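# Structural features, examined
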Amino acid sequence: MTPQEYVPESPLQRALHRADLAVWSLGGVFGLLANFCLLVMLLLTATTIVLRPFDLSFYWIWPWTMVFFIWLSFFGFFAMYVRLKDVRVDFLAARFGPAGMAATRIVSDVATLVVVVVILWQLPAVLATSRGVFDGAILPQGAELPRQALSIPLFVSAFLILLAALLDVAKLFAGMPENVAESHPES
Amino acid sequence: MAYILFGAFIGLILLRVPISIAIGMATVLTFLTSDFSNALQIIPQQMLEGVNKASLTAVPFFIMAGNLMNATGVTERIFAFANALVGHMKAGLAQVNVLSSMIFAGISGAAVADCAGLGAIEIKAMRESGYKADFAAAITVASSVIGPLIPPSVGLVIYAFLAQVSIERMFLAGLVPGILVGVALMIYVRLRASYEDFPTQPRATVSEIVATTRHGFLALVAPAIILGSIMWGFVTATEAGVLACVYCIALGLWYRELTFAGFWKALSDTAMMTAVIMIIIAFSIAMGWLLAIDRVPQQLADATFALTDDKSVFLALLLVFIILVGCVVEGVPAKLILVPTLLPLIDGYGIDRVHFGIIIQLGLLIGIATPPMGIGLYIVSEVGRVRFEKVTMAVLPMLLPLFAVLVLITYLPQIVTFLPDLVLGPQN
Amino acid sequence: ETWRMATKMPVDSPEGKVFQHFADLTEKYTGGALTIQVYPNEQLGKEDAVLEQLQAGIVQIYAEGFGYMKKWEPSLGWLSAPFVFDDYDHWRRFMQSDTVKGWFDEAREQAGVMPLGDPTAVLRGPYRVMVSNVPIKSAAGIEGLKLRMHENKVAIEAWDHLGAEVITLPWTEVYQGISKNIVQAVNSPVALVESMRFNEVAPYITRNDEYWQSVGFMVNEGAYEALGEEERAGLLKAYAEAGEYSRKLMFDTADESIARMEKAGATFTTMDTSPLVKKMQGFYEAKAKSGELPQAFLDAVEETRAKPE
Ligand code: NA
Ligand code: NA
């Protein structure tokens, strides 16, 4: 079920549920950011096509399209994680009933935590070594976009996923169900 | 190392871990157990490398084109057109299901849009006219395999980038095999209809055919525009994807069926699907780095050459291997790991990279219709409201025509290569 | 000990052969104490990623243009600015000057990455040509020419200054672009013209020596310091010999390729570039004035210029 459908009972559950709703909304915000990136890519590329017959081109269009593509992927990371857009195979877990689902819930959370902690742990090393600029992605003042700006959405998403996974662990201990994608087979 | 990698990945997936996290975790574990446990900064660094790939910018637009068709009513028109053409045949709506997918394939680059959008219409129509729900859902999944073979195709874009083959060439190579899969499925349906009772429909009148053709025609010319503009060099593959989207939007406005809400949903679905694919790619590239630096592909090639030097035997092994992998690993990560790993072998046995690309594309696509990872099965069981296990059983016999085409194209490479060689000239 | 060497080039390309030759020589001259494992085809990533791996000591050598080191020392980004040098020897003197050494020292301070030996030893290209579908007889022929360029600010502005109509296009789209007359010409190392089949659509090949290029053997300082005296000597000897081998191989390959293309109908000419060098001086002085281009760069260019007798 999604957080909207859940009704909390205890004060702890109410607090966690509020946090859950907030994280869910934040996922929506990141989804919007990803949509925006995709829309910009669409518009920039369409502009390139339209201008070509007139022998007009701007060399910064393509590099910026790449930048927005990178940001689309990295902003989308948190959005798709929180909004449960990735595929999960549950037939094996379901076979073991509620215990199976609970056990695999922990496995998922732990795996998620390990992955994002590794990414965040390497943040200083990556920022220290990713020097220079993204060629051609010029900013209004004439300078080019620093390379570091490319990975920042990845680290932001990783940090928020960390929070989301920790929250699910807390929910587990508070006896709250996990968020799962809606499914209505055989209705 | 390869064992840790595949073992962890498959194990985690079976333990209900989301695919992107599973591949990330498998990558982390492999790094920690390798000589590079102190070089973890490679992971975020290579994730950036993975998404910073120019040719992959075509991916979202070929996904979006399919979503837009569903949002603009073009999908319904394709279905009506196919229905007017083959609806009167034995098991007519099943034939319509296959033919619609072939037409839809010319604009959409992903199987998911076929299963989710077109599939919903097909299954509803089939159930209403008396087909069993599991049969309807099964033929929908089986025919969705056509989408990523007939250009445009997200999977072929990814392969072209991995194998350093031109996207144009891969697109042309996929056309004939894609049509063959459609024909094979139609033959299968016809054979089954000869000893099994399926509902029938009256033949469409001439005026119905004319009316639906007018609409169907607009959908039919789209692939010509997309393919043509890439072939004649007016646009890049990414731009062709944008053209396809713009064309769908124009059709939607022309028919007055595109609402802002519909457009926004298509955009959001595309962004999310792209993010899932790209994050999987990002982690896979990090994993690929580790495989490359430990020279796993070369070692695998050496070991296989020691096993057999017969190309036909190797191809048979390859087929079995790809199908097995396709069952447990989704197409994108499977390709990302397998293609760079297998390329030294492919080159070594003198197999054309274009040929191999179509083999692996179709081989892995079959995996969308097989458990446990059959994404197509999940989607149609969702949109068709059928239990997963029932679709899975119903789809099993339909895998036969798919396997038949796969074996055919594997041992007759000319089916794949003659069209690109004809149009683009032989590969240098 | 084994060093990892990353390259962008395929094994069977001329540069790929030079790298393998270098690896073989190293093994020979160090008596097997140091072996070099070559990773071709960007297997370990693109430039920025590999430089980061080089910095971290995961990779020990990266064989690519020195220009990519600009992220540690911006002056190095100007090495392939068009028509700065009078000729090859001028460029060589410049590259071996104390000014350029100073920049390499700065990069070494910053990132622990340094060039192995003489930075001009391994030749790339071996020279640059303009391939066009219209004949270009002199510098004036560039006026109004629709010229393909990659997304590089300096290159675009420079060719714009020379009068060309610059159009950016990905490298892989150039063939189609010329055949559709979207662009009329492209600059390329002569070694790539035939393999990209540019001569089929643009039969006029004009040597213009836009700039000279070497393949930088960028080395991780720590790994280099850790080598024993003899290994270091063997490595440097292998590098010097690989340089000689590269010059011979590159020119032989280019001559053969040009002969083949001429036989197939192409025309090969050499352009007098001194008017272009002259015309660019104003451009570079303006760049120095605005602070984009270090004045030291222009000073070193002047200092190393051959004095008229
Ligand atoms: Na398609
Ligand atoms: Na279908």
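Okay, so let's go over this structure. Please read these numbers as outputs of a predicted model, since none were measured by experiment. (Residues numbered from 1 in each chain as written. Chains lettered and ligands numbered in written order. Predicted model: local features only at pLDDT ≥ 70, side-chain atom pairs only at ≥ 80, totals over all residues. Heavy atoms only, no water.)

### Some words on the overall build of chain B
The helix and strand inventory of chain B stands at 21 helices and zero strands. The C-alpha radius of gyration computed for chain B amounts to 21 Å, which stays within 12% of the reference 22 Å derived for 428 residues, consistent with globular compactness. Over its C-alpha atoms, taken along the principal directions, chain B stretches across nearly 70 × 45 × 45 Å. Burial statistics for chain B: of 428 residues in total, 66% are counted as buried. Within chain B, contacts between residues at least 6 apart in sequence are counted, and of these 80% link residues at least 24 apart. When the accessible surface of chain B is summed, it comes to about 14,300 Å², and 68% of that surface belongs to carbon and sulfur atoms. In chain B, 21 positive and 24 negative side-chain charges are present, and the distance between their average locations comes to 9 Å. (Helix = DSSP H or I, 4+ residues; strand = E, 2+ residues; numbered from the N terminus. Rg over C-alpha atoms; globule rule 2.2 N^0.38 Å. Buried < 20%, exposed > 50% of the residue type's maximum accessible area, 1.4 Å probe, protein only. Contact = heavy atoms within 4.5 Å. Areas by Shrake-Rupley, 256 points an atom, 1.4 Å probe, with all protein chains shown as cover. Lys, Arg positive; Asp, Glu negative; His and termini not counted. Charge placed at Lys NZ, Arg CZ, Asp CG, Glu CD.)

### Some words on the overall build of chain A
Scanning chain A from terminus to terminus reveals six helices and two strands. Helices and strands appear in chain A in the N-to-C order α-α-α-α-α-β-β-α. Relative to the globule expectation of 16 Å for 187 residues, the C-alpha radius of gyration of chain A, 21 Å, shows a markedly less compact shape. Reported as C-alpha extents along the three principal axes, the dimensions of chain A are approximately 65 × 45 × 30 Å. Every one of the 187 residues in chain A was classed for burial, and the buried ones make up 49%. Taken as a whole, chain A presents about 8,500 Å² of accessible surface, with 72% of it coming from carbon and sulfur. Taking the 11 positively charged and 13 negatively charged side chains of chain A as two groups, their mean positions are separated by 4 Å.

### Re the interface of chain C and chain A
The interface of chain C with chain A comprises 15 residues on the first partner and 16 residues on the second. Roughly 1,400 Å² of surface becomes buried between chain C and chain A when both sides are summed, with 48% attributable to carbon and sulfur atoms. Put simply, chain C and chain A have three salt bridges between them. For Asp48(C), the salt bridge is made with Arg147(A), and the minimal N-O distance between the two is 3.1 Å. Summed over the shared surface of chain C and chain A, the number is five residue pairs in polar contact (both at pLDDT 80 or more). (Buried area = accessible area lost by both parts, 1.4 Å probe. Salt bridge = Lys/Arg side-chain N within 4 Å of Asp/Glu carboxyl O. Polar contact = N/O pair within 3.5 Å; in protein donor to acceptor, adjacent residues only side chain to side chain.)

### Details of the state of the cysteines
One pass over the structure, following the stated rule, counts zero disulfides over all chains. Not part of a disulfide, Cys248(B) finds its nearest cysteine sulfur in Cys245(B), a span of 6.5 Å. (Disulfide = S-S within 2.5 Å.)

### So, the packing of helix 4 (residues 58-72) of chain B against helix 7 (residues 111-128) of chain B
All names here are of chain B. With their axes 9 Å apart at the nearest point, helix 4 and helix 7 run at an angle of 5° to one another. Judged by the angle between their axes, helix 4 and helix 7 are roughly parallel. Contacts from Gly66, Asn67 and Asn70 of helix 4 reach helix 7 at Ala113, Gly117 and Leu118. For the contact of helix 4 with helix 7, the per-class residue count stands at two nonpolar, four polar and no charged. (Axes fitted to C-alpha atoms, helices over the stretch in contact; angles between N-to-C directions. Parallel < 35°, antiparallel > 145°, perpendicular 65-115°, else oblique. Nonpolar A, V, L, I, M, F, W, Y, C, P; charged D, E, K, R; others polar.)

### Some thoughts on the packing of helix 5 (residues 74-86) of chain B against helix 6 (residues 92-105) of chain B
Residue and element names in this part refer to chain B. Packing of helix 5 against helix 6 brings their axes to within 8 Å, and their N-to-C directions diverge by 130°. Between helix 5 and helix 6, the interaxial angle falls into the category oblique. Pair helix 5 / helix 6 crosses with right-handed handedness. Residues Thr75, Ile78, Phe79, Phe81, Ala82, Asn83, Leu85 and Val86 of helix 5 form the contact with helix 6, whose participating residues are Gly92, Leu93, Gln95, Val96, Leu99, Ser100, Ile103 and Phe104. Its residues placed into classes, the contact of helix 5 with helix 6 shows 11 nonpolar, five polar and no charged. (Left-handed = near helix turned anticlockwise from the far one by under 90°.)

### Considerations on the pattern of salt bridges
Residues and elements named next belong to chain C. The final tally for this structure, using the stated rule, is 34 salt bridges over all chains. Its salt-bridge partner being Glu47, residue Lys8 comes within 2.7 Å of it at the nearest N-O pair. Residue Lys8 is located in the loop between strand 1 (2-7) and helix 1 (14-29), and its partner Glu47 is located in helix 2 (residues 47-55); the two are separated by 39 residues in the primary sequence. Of the residues examined, Glu47 reaches a relative accessible area of 15% and is grouped as buried.

### Observations concerning the nonpolar core
If you look at the biggest cluster of nonpolar residues, it comprises 297 residues, and the most contacted ones within it are Phe356(B), Phe94(C) and Trp159(C). Residues within four places of Trp159(C) in sequence aside, it is in contact with Pro82(C), Phe83(C), Met130(C), Ile142(C), Leu147(C), Met149(C), Ala164(C), Val166(C), Asn187(C), Asn208(C) and Glu210(C). Core analysis: the next-biggest nonpolar cluster, separate from the first, contains 28 residues, Phe19(C), Leu25(C), Ile36(C) and Phe217(C) among them. (Core = buried A, V, L, I, M, F, W, Y, C linked by side-chain atoms within 4.5 Å.)

### Some remarks on the interface of chain B and chain A
On the side of chain A, 63 residues touch chain B, which itself brings 58 residues to the contact. Both sides of the chain B and chain A interface together cover about 5,400 Å² of buried area, and 75% of this is carbon and sulfur. Where chain B packs against chain A, one counts two salt bridges. The partner of Glu178(A) in a salt bridge is Arg16(B), and the shortest N-O contact between them spans 2.6 Å.

### Focus: a nonpolar patch on the surface
Residues and elements named next belong to chain B. On the surface, a cluster of nonpolar side chains totalling about 340 Å² of accessible area is made up of Ile179, Val183, Ile187 and Leu191. Position of Leu191 relative to the elements: it lies in helix 10 (residues 167-193). Classification of Leu191 as exposed rests on a relative accessible area of 53%. (Patch = residues over 30% accessible without salt bridge, like charges linked within 9 Å, V, L, I, M, F, W, Y side chains within 5 Å.)

### Quick look at the coordination of the sodium ion (ligand 2)
All names here are of chain B. Looking at the sodium ion (ligand 2), one finds its protein donor set to be Asn97 (O), Asn97 (OD1), Ser101 (OG), Glu122 (OE), Glu122 (OE) and Ser143 (OG), positioned 2.2 to 2.9 Å from the metal centre. For the sodium ion (ligand 2), the six donor atoms in the first shell make angles of 45 to 164° at the metal, a pattern classed as irregular. For Ser101, a relative accessible area of 0% corresponds to the buried category. (Donors = N, O, S within 2.8 Å, 3.2 Å for Na, K, Ca; no water. Tetrahedral: all angles 85-135°; square planar, octahedral: opposite > 155°, others 65-115°.)

### A few points about the coordination of the sodium ion (ligand 1)
Residues and elements named next belong to chain B. Binding of the sodium ion (ligand 1) to the protein goes through Ala105 (O), Ser108 (O), Gly147 (O), Ile150 (O) and Pro152 (O), at separations of 2.3 to 2.4 Å. If you list the donors of the sodium ion (ligand 1) from N- to C-terminus, the spacing comes out as A-x2-S-x38-G-x2-I-x1-P. Of this pair, Ala105 sits in helix 6 while Ile150 sits in the loop between helix 8 (133-144) and helix 9 (154-163), and the two are 45 residues apart along the sequence. No difference in accessibility class separates Ala105 from Ile150, as the two residues are buried.

### Quick word on the side chain of His17(A)
Residue and element names in this part refer to chain A. Topologically, His17 is positioned in helix 1 (residues 11-51). Here Pro3 takes part through its backbone oxygen, which lies 2.8 Å from a polar atom of the side chain of His17. When near neighbours in sequence (up to four residues on either side) are disregarded, His17 contacts Pro3, Tyr6, Pro8 and Met176.

### Remarks on the sheet that holds strand 7 (residues 165-168) of chain C
All names here are of chain C. Strand order in the open sheet formed by six strands is 7-6-8-5-9-11, with mixed pairing between adjacent strands. Edge positions in the sheet fall to strand 7 and strand 11 (267-270), since each of these pairs with one other strand and no more. With strand direction ignored, the average angle separating the axes of adjacent strands in the sheet is 30°. Pairing between strand 5 (residues 128-132) and strand 8 (residues 185-189): five bridges, direction antiparallel. Bridge assignment links Ser132 to a residue of strand 8, and that residue is Ala185. (Pairing = 2+ DSSP bridges.)

### As for the pairing of strand 1 (residues 133-138) of chain A
Residue and element names in this part refer to chain A. Across two bridges, strand 1 lies against strand 2 (residues 144-146) in antiparallel orientation. Looking at strand 2, one finds that Val133 is bridged to Pro146. Where strand 1 folds back on strand 2, the antiparallel hairpin that results is connected by five residues, among which Gly142 adopts a positive phi of roughly 105°.

### Comments concerning the sheet that holds strand 2 (residues 35-39) of chain C
All names here are of chain C. Taking strand neighbours across the sheet as the criterion, the five strands line up as 2-1-3-10-4 in an open arrangement whose pairing is mixed. This sheet does not close on itself; its edge strands, each paired only once, are strand 2 and strand 4 (113-115). Within the sheet, the average angular offset between the axes of one strand and its neighbour, ignoring direction, is 25°. One ladder, built from three bridges, connects strand 1 with strand 3 (residues 61-64); its direction is parallel.

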